[in-house]
Amino acid sequence: TLSIISPQKINTVIQTQNYFTTKVYANVHRGTYAFSQEITQAYEDSRKIIADFINADLDEVIFTKSTTEAINLVAYSYGSLIPDGAEIIISAMEHHANIVPWQLLQSRKNIKIKVIPVLDDGELDYKGFENLLSDKTALVAITHTSNVLGTVVDIKKIVELCSNYNTKILVDGSQAIMHQSVDVKDLGIDFYAFTGHKVYAPNGVGVLWGKKQLLETMP
């Protein structure tokens, strides 16, 4: 048997989960009775906390089950708007969650995936990235911080290099959200995804942020 010395989640998370599970368990946005109203309010309060945390607008925060689901949501929804013949750029340091959804999109549509190389010192090859960009580049999907190398990608530099192209940028922030301040508006990107358990939330919780005007175009 395992000997658990201390909880793996912080006490406030455990206590809050226990309260909602044992005292006011109800469906969100589904009832007018007191339990449902309380948990719905807590749900929307959480949205505001997250929006403030990443400097987003309330209606730009979408709850998902994980970063993986968030990226898949973009790949399936925004991906359906990407025209045949377009290109998507990822990097060689991506987590599988930011590789496979684009490979699946490539299997459904006539698009091409290009990969940014990584230099011997573990840094992203920004010159190599610049050489991959073209008028065909529809989307760049890139990690903020590598889960394998710990490399921090200069997202603002990525945005700057994309400025001459009509390219959307998705950032996988799972490894960055807990280690640095994230301001999605300041970064100048289009999508940001992260998972709750990296910031001590329960498993099965994730966030997708997207620019409102872009989200409104997506099926």
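If you're wondering where the values come from, they're calculated on a predicted model, not measured in any experiment. (Residues numbered from 1 in each chain as written. Predicted model: local features only at pLDDT ≥ 70, side-chain atom pairs only at ≥ 80, totals over all residues. Heavy atoms only, no water.)

Student: Explanation requested: the environment of G196 in the structure shown.
Tutor: Here G196 shows up in the loop between β6 (191–195) and β7 (206–210). With 45 residues separating them in the primary sequence, G196 and T151 have C-alpha atoms 21 Å apart. Excluding residues that lie within four positions of it along the chain, G196 makes contacts with A201, V205 and G206. (Helix = DSSP H or I, 4+ residues; strand = E, 2+ residues; numbered from the N terminus. Contact = heavy atoms within 4.5 Å.)

Student: For this particular structure, what's the right way to read unusual backbone geometry?
Tutor: The bulk of non-glycine residues show a negative phi, and the bulk of peptide bonds are trans. Even without being a glycine, H29 presents a positive backbone phi close to 60°. Given a relative accessible area of 51%, H29 falls into the exposed group. Here the phi dihedral of Y200 falls at roughly 75°; this positive angle occurs in a residue that is not glycine. Tracing the backbone shows Y200 in the loop between β6 and β7. (Buried < 20%, exposed > 50% of the residue type's maximum accessible area, 1.4 Å probe, protein only.)

Student: Is there a simple way to think about the nonpolar core in this case?
Tutor: Note on soluble globular proteins: their nonpolar side chains tend to be buried together. Within the largest apolar cluster, 33 residues are counted, with the highest numbers of intra-cluster contacts made by F129, V140, I142, I158, I189 and Y192. For this core, the secondary structure elements donating two or more residues are α2 (34–54), α5 (126–132), β4 (137–143), α6 (155–162), β5 (168–172), α7 (184–187), β6 and β7. In terms of residues, this core owes the most to one element, α6, which gives five residues. Non-local contacts of Y192, meaning those with residues more than four positions away in its chain, are made with H144, V171, G173, A176, I177, V182, V184, L187, V207, L208 and W209. With 24 residues, the next largest nonpolar core counts A70, I71, I111 and F191 among its residues. (Core = buried A, V, L, I, M, F, W, Y, C linked by side-chain atoms within 4.5 Å.)

Student: Help me understand the sheet that holds β7, please; the structure alone is not making it clear to me.
Tutor: In a beta sheet, neighbouring strands are held together by backbone hydrogen bonds and run either parallel or antiparallel to one another. Judged by pairing direction, the sheet is mixed, and its seven strands sit side by side in the order β1-β7-β6-β5-β4-β2-β3 without closing on themselves. Two strands in the sheet have a free side with no partner beyond their single neighbour: β1 (61–64) and β3 (112–116). Taking each pair of neighbouring strands and ignoring which way they run, the sheet shows an average axis angle of 20°. Relative to β7, β1 is paired through four bridges, and the arrangement is antiparallel. Note on β7: the bridge partner recorded for T64 is G206. Against the sheet, α2 touches β1, β6 and β7, its axis set at about 115° to β1. (Pairing = 2+ DSSP bridges. Axes fitted to C-alpha atoms, helices over the stretch in contact; angles between N-to-C directions.)

What is shown is where atoms sit, not what they do.
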